[in-house]
Amino acid sequence: MDENLTFSKTRLAPTPSGYLHLGNVLSFAITAALAEKTGAKIVLRIDDVDRERTNKLYVQDIFDTLNFLEIPWHEGPRDLAEFDREYSQMCRMELYTSALQQLRENEAIFACTCSRADVARLSPESSYMGTCSGKKLPTDTPNASWRLHTEEPLLLPVKTIHGTVIDATLPPSMRDFVVKKRDTFPAYQLTSLIDDIHFGIDLVVRGEDLWASTLAQQYLSKRLGLEAFQHTTFFHHPLLVDDEGHKLSKSLGATSVQYFRKQHKKPEDIYAIISGILGVQVTLHDWRELVGLLQLSL
Ligand SMILES: [Zn+2]
């Protein structure tokens, strides 16, 4: 990584659908350290557009966890009340709706009535097989999602923090990906892109499991003419995995930060546990040190 690299803004973008776990902590720690190193301000963005999975307890857990770990942020809500009032994604619904309207007017989307089970039945990898692509269903069909037409194989250059550009194309798992869900709310790929543009983000730090999402968002940015997103720099960090090599998930209570707090653990204990999982031989005390050691693999 170039020592003189500077950015203006990056973001922490947790989803309040479960208690935060060690994997989230690693992501936050890397984001905070890269922000400090490159002069970027940190925006806290809480992705609550998924109304069924969002829970206020989990929103509160995000504030509690960041404060407990002493991970700073410079823009965004300081507490639950401010979040509800000014920063919930519900406050930006007009931006998402106008992007969806633009896609509809440009005939870039189609309505799809396939359920998740329908898609899974046709494809073992749950890749969409284009079932409704040519059906020309009305866009206001009840209980239909909107999918983006992705037949055109666009080249998607992704700027990396190492100064390289990876020329990728959309993976099969993202064929005709959903931009508006059956519940009528905008989908993650759309809200994440629109929010990154809205907040002026020029550095995105996320787990490597989101590589396909990065490509979907690049594809969508081209369809929406949001050129700024193509100048965004990305860092996809390695994930924490359990003994069997599975990514840590929110359902695993014993890795939640809340669980460790209840056990009266301190932040340095959490960083020590993470370094243990990463196989780092040194005992760490805070997020700066954690990333200092990870520099080798950055
Ligand atoms: Zn369909």
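Bear in mind the structure is a predicted one, so any value in this text is a computation, not a measurement. (Residues numbered from 1 in each chain as written. Predicted model: local features only at pLDDT ≥ 70, side-chain atom pairs only at ≥ 80, totals over all residues. Heavy atoms only, no water.)

1. Some points on the overall build of the protein chain
Part 1 of the reasoning: The number of helices and strands found in the protein chain is ten helices and nine strands.
Part 2 of the reasoning: In terms of overall size, the protein chain behaves like a compact globule, its C-alpha atoms giving a radius of gyration of 20 Å where 298 residues would be expected to give roughly 19 Å.
Part 3 of the reasoning: For the protein chain, the C-alpha atoms occupy an extent of roughly 60 × 40 × 40 Å along the three principal directions.
Part 4 of the reasoning: Out of the 298 residues belonging to the protein chain, those deemed buried represent 49%.
Part 5 of the reasoning: Across the protein chain, every contact between residues at least 6 apart in sequence was considered, and the portion connecting residues at least 24 apart equals 76%.
Part 6 of the reasoning: Carbon and sulfur atoms form 51% of the exposed surface of the protein chain, whose accessible area is close to 14300 Å². (Helix = DSSP H or I, 4+ residues; strand = E, 2+ residues; numbered from the N terminus. Rg over C-alpha atoms; globule rule 2.2 N^0.38 Å. Buried < 20%, exposed > 50% of the residue type's maximum accessible area, 1.4 Å probe, protein only. Contact = heavy atoms within 4.5 Å. Areas by Shrake-Rupley, 256 points an atom, 1.4 Å probe, with all protein chains shown as cover.)

2. Describing the sheet that holds strand β3 (residues 109-112)
Part 1 of the reasoning: An order of β3-β4-β7 is seen for the three strands of this open sheet, with the pairing classed as antiparallel. The open sheet has two edge strands with one neighbour each: β3 and β7 (178-180). Across the sheet, the mean angle from the axis of one strand to that of its neighbour is 45 degrees, orientation sign disregarded.
Part 2 of the reasoning: Direction of pairing for β3 relative to strand β4 (residues 145-148): antiparallel, over a ladder of four bridges. The partner of Phe 110 across the bridge, within β4, is Arg 147.
Part 3 of the reasoning: Packing of helix α4 (residues 93-105) onto the sheet brings it into contact with β3, β4 and β7, and relative to β4 it is tilted by some 65 degrees. (Pairing = 2+ DSSP bridges. Axes fitted to C-alpha atoms, helices over the stretch in contact; angles between N-to-C directions.)

3. Here we look at the nonpolar core
Part 1 of the reasoning: Of all hydrophobic cores here, the largest spans 41 residues; its most connected members are Leu 44, Leu 66, Ile 71, Ile 270 and Tyr 271.
Part 2 of the reasoning: The leading source of residues in this core is helix α1 (residues 22-38), at ten residues.
Part 3 of the reasoning: With sequence-adjacent residues up to four places away left out, Ile 270 is seen in contact with Leu 22, Val 25, Phe 68, Leu 69, Val 257 and Phe 260.
Part 4 of the reasoning: One finds Leu 154, Ile 201, Leu 220 and Phe 234 within the second-largest nonpolar core, a separate group that totals 33 residues. (Core = buried A, V, L, I, M, F, W, Y, C linked by side-chain atoms within 4.5 Å.)

4. Overview of the coordination of the zinc ion
Part 1 of the reasoning: The protein atoms that coordinate the zinc ion are Cys 112 (SG), Cys 114 (SG), Tyr 128 (OH) and Cys 132 (SG), at distances spanning 2.2 to 2.3 Å.
Part 2 of the reasoning: Between the donor residues of the zinc ion, the gaps in sequence give the motif C-x1-C-x13-Y-x3-C. Neither Cys 112 nor Cys 114 differs from the other in exposure class; each is buried. (Donors = N, O, S within 2.8 Å, 3.2 Å for Na, K, Ca; no water.)

5. As for unusual backbone geometry
Glycine aside, residues mostly have negative phi angles, and peptide bonds mostly take the trans form.
Part 1 of the reasoning: Although it is not a glycine, Lys 136 sits at a positive phi angle of roughly 55 degrees.
Part 2 of the reasoning: Positionally, Lys 136 belongs in the loop between α5 (116-122) and β4.
Part 3 of the reasoning: Phi is positive for His 264, close to 60 degrees, though the residue is something other than glycine.
Part 4 of the reasoning: Summarising the element assignment, His 264 is placed in the loop between α8 (257-262) and α9 (267-278).

6. With respect to the packing of α4 against helix α6 (residues 188-199)
Part 1 of the reasoning: Between α4 and α6, the shortest axis-to-axis distance is 10 Å and the interhelical angle comes to 115 degrees. Relative to α6, α4 is oriented so that their crossing is right-handed. Residue-level inspection shows Leu 95, Tyr 96, Ala 99, Leu 100 and Leu 103 of α4 in contact with α6, the latter providing Leu 190, Thr 191, Ile 194, Asp 195 and His 198.
Part 2 of the reasoning: Looking at side-chain class alone, the contact of α4 with α6 contains seven nonpolar, two polar and one charged residues. (Left-handed = near helix turned anticlockwise from the far one by under 90°. Nonpolar A, V, L, I, M, F, W, Y, C, P; charged D, E, K, R; others polar.)

7. Quick word on the packing of aromatic side chains
Part 1 of the reasoning: Counted according to the given criterion, the structure contains five aromatic pairs.
Part 2 of the reasoning: Arranged with centres 4.9 Å apart and planes meeting at 85 degrees, the rings of Tyr 19 and Tyr 58 form a pair that is edge-to-face. One end of the pair, Tyr 19, is in the loop between β1 (9-12) and α1; the other, Tyr 58, is in helix α2 (residues 56-69), with 39 residues separating them in the sequence.
Part 3 of the reasoning: Their ring planes at 75 degrees and their centres at 5.5 Å tell us that Tyr 259 and Phe 260 sit as a pair that is edge-to-face.
Part 4 of the reasoning: For Tyr 259, a relative accessible area of 35% gives the class partly exposed.
Part 5 of the reasoning: Accessibility expressed as a relative area gives 8% for Phe 260, which makes it buried.
Part 6 of the reasoning: The ring of Phe 68 is capped by Arg 261, whose NZ or CZ atom sits 5.9 Å from the centre of that ring.
Part 7 of the reasoning: Over the face of the ring belonging to Trp 287 we find Arg 288, whose NZ or CZ atom lies 4.0 Å from the ring centre. (Phe/Tyr/Trp six-rings, centres within 6.5 Å; stacked < 30°, edge-to-face > 60°. Lys NZ or Arg CZ within 6 Å of the ring centre and 35° of its normal.)

So far we have only geometry, and geometry alone does not tell us how the molecule works.
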